[in-house]
Amino acid sequence: MLDLQHASHRRLNALTGEWVLVSPHRTSRPWQGQTEAKSDAVVPSYDPGCYLCPGNVRANGERNPAYENVFAFDNDYAALLPDAPQTEINEDGLIVARGEAGRCRVVCFSPRHDLTLSSMPVDDIAKVAALWRDEFMRLDADPLVGAVQIFENRGAMMGASNPHPHCQIWATDSEPNELVKESHRQRDYFAHRQSCLLCDYLALELGRGERIVCENDGFVALVPFWATWPFETMLLPRHHLGALDEFTESDMRALADILSQITRCYDNLFATPFPYSMGFHQRPSDGGAHPHWHFHGHFYPPLLRSATIRKFMVGFELLGSPQRDITPESAAERLRAAR
Ligand code: H2U
Ligand code: ZN
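Right, let's walk through the structure included here. The shown structure was predicted, so the numbers you read here are calculated from the model rather than taken from an experiment.

Focus: the overall build of the chain
When helices and strands are counted, the chain shows six helices and 16 strands. Scaling as 2.2 N^0.38, a compact globule of 339 residues should have a C-alpha radius of gyration of about 20 Å, and the chain matches this with 20 Å. With the principal axes as the frame, the chain shows a C-alpha extent of 60 × 50 × 45 Å. Split into buried and exposed, the 339 residues of the chain put 49% on the buried side. Of the contacts made within the chain by residues no fewer than 6 positions apart, 68% connect residues no fewer than 24 positions apart. Accessible area of the chain: about 16,000 Å², with a carbon and sulfur share of 54%. Charge separation in the chain, taken as the distance between the mean sites of 32 positive and 44 negative side-chain charges, equals 7 Å.

Considering the pairing of strand E2 (residues 19-22)
Burial along E2 is one-sided: the face carrying Val20 and Val22 is buried and the face carrying Trp19 and Leu21 is not. Of the strand pairs in this sheet, strand E1 (residues 9-12) and E2 are connected by four bridges, and their pairing is antiparallel. Across the sheet, Arg10 pairs through a bridge with Leu21, a residue of E2. Between the end of E1 and the start of E2, which pair antiparallel, lie six residues, with Gly17 showing a positive phi angle near 85 degrees. Both E2 and strand E16 (residues 323-324) contribute to a ladder of two bridges, which runs parallel. Paired with Leu21 across the two strands is Gln323, which belongs to E16.

Points about the environment of Glu62
Its location among the elements puts Glu62 in the loop between E2 and strand E3 (71-74). Given the relative accessible area of 46%, Glu62 is considered partly exposed. Along the chain, Glu62 and Tyr51 lie eleven residues apart, while their C-alpha atoms are 9.6 Å from each other. Among all residues touching Glu62, those that are not within four sequence positions of it are Asn56 and Val57.

Things to note about the packing of helix H2 (residues 177-193) against helix H3 (residues 197-208)
Here H2 crosses H3 at 85 degrees, and the two axes come no closer than 9 Å. As the angle between them shows, H2 and H3 are arranged roughly perpendicular. On the side of H2, the interface is formed by Arg185, Gln186 and Tyr189, while H3 contributes Leu197, Leu198 and Asp200. Looking at the contact of H2 with H3, its residues break down into three nonpolar, one polar and two charged.

Points about the packing of aromatic side chains
In the structure shown here, the tally under the stated rule is 16 aromatic pairs. A centroid spacing of 5.9 Å and a plane angle of 85 degrees characterise the contact between Phe109 and Trp132, whose relative ring orientation is edge-to-face. Residue Phe109 is found in the loop between strand E6 (102-108) and helix H1 (122-140), and its partner Trp132 is found in helix H1; the two are separated by 23 residues along the sequence. Of the two residues examined, Phe109 and Trp132, each falls in the buried class. Feature note: the residues Phe109, Trp132, Phe219, Phe247, Phe280 and Phe295 constitute an aromatic cluster, connected by ring pairs. It is Arg10 that lies over the ring of Trp19; its NZ or CZ is 4.4 Å from the centre. Above the plane of the ring of Phe312 lies Arg310, whose end atom (NZ or CZ) is 5.1 Å from the centre.

Things to note about the sheet that holds E16
A sheet is described by the order of its strands in space; here three strands give the open sequence E1-E2-E16, paired in mixed fashion. Each edge of the open sheet is held by one strand with a lone partner, namely E1 and E16.

Some thoughts on the coordination of the zinc ion (ligand 2)
Protein-derived ligands of the zinc ion (ligand 2) are Cys50 (SG), Cys53 (SG), His113 (ND1) and His164 (ND1), with the metal-ligand distances lying across 2.0 to 2.3 Å. Read from N- to C-terminus, the donor residues coordinating the zinc ion (ligand 2) fall into the pattern C-x2-C-x59-H-x50-H.

Examining the sheet that holds strand E8 (residues 166-172)
The nine strands are arranged E3-E6-E8-E7-E12-E13-E11-E10-E9 in an open sheet whose pairing can be described as antiparallel. Every interior strand has two partners, whereas the edge strands, E3 and strand E9 (212-215), have only one. Each strand of the sheet is rotated relative to its neighbour by a mean of 20 degrees, with strand direction disregarded. Where E6 and E8 come together, seven bridges link them in antiparallel fashion.

Brief notes about the site of ligand 1
Taken together, 13 residues are adjacent to ligand 1, and Ala59, Asn75, Asp76, His166 and Gln168 come closest. The side chain of Gln168 places a nitrogen or oxygen atom 2.8 Å from an oxygen atom of ligand 1. For ligand 1, whose accessible area on its own is 470 Å², the fraction buried by protein is 88%. A breakdown of the residues in the shell around ligand 1 according to their chemical character gives six nonpolar, five polar and two charged.

Things to note about unusual backbone geometry
Even without glycine at this site, Asp92 takes up a positive phi of about 55 degrees. By relative accessible area, Asp92 is classed as exposed at 75%. Phi at Gln194 takes a positive value of approximately 55 degrees, unusual for a residue other than glycine. Looking at the element boundaries, Gln194 is found in the loop between H2 and H3.

Here is what the cut-offs are and how they apply
- In this numbering scheme, every chain counts its residues from 1 along its sequence in written order.
- As they are written, the chains are lettered A onward and the ligands numbered 1 onward, keeping that order.
- Local features in this predicted model are restricted to residues of pLDDT 70 or higher, and side-chain atom pairs are both shown and tallied only at a pLDDT of 80 or more, whereas totals for entire chains, interfaces and linings draw on every residue.
- Hydrogens and water molecules were not included; the side-chain quantities draw on all heavy atoms of the structure.
- Helix and strand definitions here come from DSSP, where helices need a minimum of 4 consecutive H or I residues and strands a minimum of 2 consecutive E residues; each element is numbered from the N-terminal end.
- The globule rule used here is 2.2 Å times the number of residues to the 0.38 power, and the radius of gyration it is set against is calculated over C-alpha atoms.
- Only protein chains enter the accessibility calculation, which uses a 1.4 Å probe; a residue is then buried when its area is under 20% of its type maximum, exposed when over 50%, and partly exposed in between.
- The criterion used for residue contact is that any of the two residues' heavy atoms lie within 4.5 Å.
- All accessibility values rest on the Shrake-Rupley procedure with a 1.4 Å probe; residue burial counts only the protein chains present in the view.
- Positive charge is attributed to Lys and Arg, negative charge to Asp and Glu, and no charge count is given to His or to the chain ends.
- Charged groups are reduced to one reference atom each: NZ for lysine, CZ for arginine, CG for aspartic acid, CD for glutamic acid.
- Between any two strands, at least two bridges found by DSSP are needed for them to pair.
- Where helices are involved, their axes are fitted lines through C-alpha atoms of the stretch in contact, as for all axes, and angles between N-to-C directions lie from 0 to 180°.
- Angle categories: roughly parallel below 35 degrees, roughly antiparallel above 145, roughly perpendicular from 65 to 115, and oblique for all the rest.
- Three classes are used: nonpolar for Ala, Val, Leu, Ile, Met, Phe, Trp, Tyr, Cys and Pro, charged for Asp, Glu, Lys and Arg, and polar for all others, with Gly counted as polar.
- Centres within 6.5 Å make a pair out of two Phe, Tyr or Trp rings, where for Trp the six-membered ring is used; the pair is then stacked when the planes are under 30 degrees apart, edge-to-face when over 60, and tilted otherwise.
- Charge over a ring is defined by NZ of Lys or CZ of Arg lying within 6 Å of the ring centre and within 35 degrees of the ring normal.
- Donors, by definition, are the N, O and S atoms found within 2.8 Å of a metal, the threshold being 3.2 Å for Na, K and Ca, and water is not counted, so a site can look incomplete.
- Any residue with a heavy atom lying within 4 Å of a molecule or strand is counted as near it.
- In the analysis that follows, any N or O atom pair within 3.5 Å is treated as a polar contact, provided that within protein one partner can donate a hydrogen and the other can accept it, and provided that, for residues neighboring in sequence, both atoms belong to side chains.

See the structure below:
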């Protein structure tokens, strides 16, 4: 019997088909590497220099409305533009490139500059979820768009340009790499078993309980068996939903509540606000049927064992495969204890 808590082993990411190396015995190694500065800066509720605060002028000269809840606008420095030429080059299959069109949006969660998902009331997070659904449905209906990625970078450590609570939406013509892997694995599983990979996985996890962090009527937050980042989590709806357009009001409420719960766990663990990249994976927007696709959220926080020590994906991880020291089970236990 493989001892998952003590012996080094590899775990399969059932959702992507990739392997992660787990080395539980390595947690006591000393750390003499880089540490991150802890910011004690007090964030004001309104910052006249912030390009996302209500009424302020953005970098391109446009003025934000005096919004009272949520606010979305076209990214002034969009990584993808709708009029990119759809041409391609291909030299012997070795030098290959394709034009990529798309649209980029920025979504402000609150007029308050100093709030985070963890400090916002669930009612207000539900307004953000409603805006995500509206944005998704509009982009999903756009013939230019093949996939919609909603994501939030929180904290300077993750490259967020501004503490004002906000996220981005990138709608691409083609499916990005992560979506391609997950589409493929879910389609394969569905074809072989006539059931959904993540519905079945969630049932297994609920039966065991050891990797569950928090839950409500509609959603479960857990540390996936194959988690790569030390405190990585996944948010899963209890029933099968492919994308935000299928969400009822109660699904949205449950999503808002689980976001509030998990971000508070993170903040309580060892940093406020806890840095992360998070985002939702949903079925592609290519007009096809995707019965195998199960909506979910990923949280990828970089912190390793304290607010000032972060994990780097370097060395073996860049050249071989990702690796983690503390086990997903012990990470889940620590997050649960921080509720
Ligand atoms: P990040 O913090 O995740 O970088 O998101 C902020 C986005 O806001 C970023 O993509 C955009 C940047 O291009 N932005 C504007 O659209 N207008 C501005 O005036 C400044 C920043
Ligand atoms: Zn602001």
